[in-house]
Amino acid sequence: MLNKTRGIVIRTIKYGEASAICNILTEQHGLLGFHIPSAFKPKSKFSISYFQTLNAVEISFNYRKTSGLQKISDVTCHSYPDLSKFNQQAIYHVICELLQQTVRENEINQNLFNYLYNETLPGINHDLHFWQLPFVMLNVLYHYGCAPNIDTYSEGHCLDLQNGIFQDEFKPTKQVSDASTSSIIYEMMRNGISHLNQDTMARQKLIRDLITYYRLHINDSFDLKSLDILTQVAR
């Protein structure tokens, strides 16, 4: 049966002389792999430009549950990242890394898909907010169901990165965000980021702690190699 679904391009690599393998996070089936024959040829049925990472697409295909690679019968690109500014390129590369290391094969998560499709992707095409990256990271954790529990927060409490709760006492071996960073995490999750003051050191500390949080809860080898570029842009 022909399936028609929205999707987000997560990764595209060249396969052979002219074809491509494309990983697309689909609304209906989660992350799937697709073989795009002759994608790099000038007269290809589906131009490689359709499959730029973080493109928002609509695809039609015959879903085969037991197949490692699906075959697309039609594709429409609804939006693509605007990379005309350097700061947009910076956040683009970091979010690419973030999703490539967190989105799991065949895992269907409607809330996460809607957040990425309706908020994260459009956000790349606007001016970069100082706190945008850690805010995206926290929202991805929230839609995965493993975000810090802000109901446990009180002033002066620190976030236990292992257990995702705020506490006032810790053993020395615990991995913990300090009180200041924990307060920012709480404020972001409770009230967003528009009211937060810029503080470069605080943002860097927060992102480092969130990387640790991702390693503990989602992917033990998680890292953001493009982060240095973004750090230089969003001062």
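Residues numbered from 1 in each chain as written. Predicted model: local features only at pLDDT ≥ 70, side-chain atom pairs only at ≥ 80, totals over all residues. Heavy atoms only, no water.

> Where do I start with the sheet that holds strand β5 (residues 70–79) in this structure?
Strand pairing in a sheet relies on backbone hydrogen bonds, with the paired strands running either antiparallel or parallel. Strand order in this closed barrel of 5 strands is β1-β2-β3-β5-β4, and the pairing throughout is mixed. The mean inter-strand angle of the sheet, taken between neighbouring strand axes irrespective of direction, is 45°. Pairing geometry for strand β1 (residues 2–15) and strand β4 (residues 56–62), over 7 bridges, is antiparallel. Along β4, the bridge assignment pairs leucine 2 with asparagine 62. The sheet contacts of helix α2 (residues 110–124) involve β1, β2 (19–26), β4 and β5, and relative to β1 the element is tilted by about 65°. (Pairing = 2+ DSSP bridges. Helix = DSSP H or I, 4+ residues; strand = E, 2+ residues; numbered from the N terminus. Axes fitted to C-alpha atoms, helices over the stretch in contact; angles between N-to-C directions. Contact = heavy atoms within 4.5 Å.)

> I would appreciate a short explanation of the nonpolar core in the present structure.
Of all hydrophobic cores here, the largest spans 54 residues; its most connected members are Ile8, Leu54, Trp131, Met137, Val140 and Leu141. Put simply, the parts of the chain that give this core at least two residues each are β1, α1 (86–102), α2, α3 (132–144), α4 (179–191) and α5 (200–217). Once residues within four sequence positions are removed from consideration, valine 140 is found in contact with Leu98, Leu112, Tyr115, Leu116 and Tyr214. If you look at the next biggest cluster of nonpolar residues, it comprises 15 residues, including Val9, Phe34, Ile36 and Phe61. (Core = buried A, V, L, I, M, F, W, Y, C linked by side-chain atoms within 4.5 Å. Buried < 20%, exposed > 50% of the residue type's maximum accessible area, 1.4 Å probe, protein only.)

> Where do I start with the pairing of strand β3 (residues 30–36) in this structure?
Look at any regular strand and the pattern is simple: side chains alternate between the two faces of the sheet. Of all 7 residues in β3, 6 are buried; the element is thus mostly enclosed. Sheet analysis places β2 next to β3, joined by 7 bridges and oriented antiparallel. Note that in β3 the partner of asparagine 23 across the bridge is glycine 33. If you look at the hairpin formed by β2 and β3, you'll find 3 residues sitting between the two strands.

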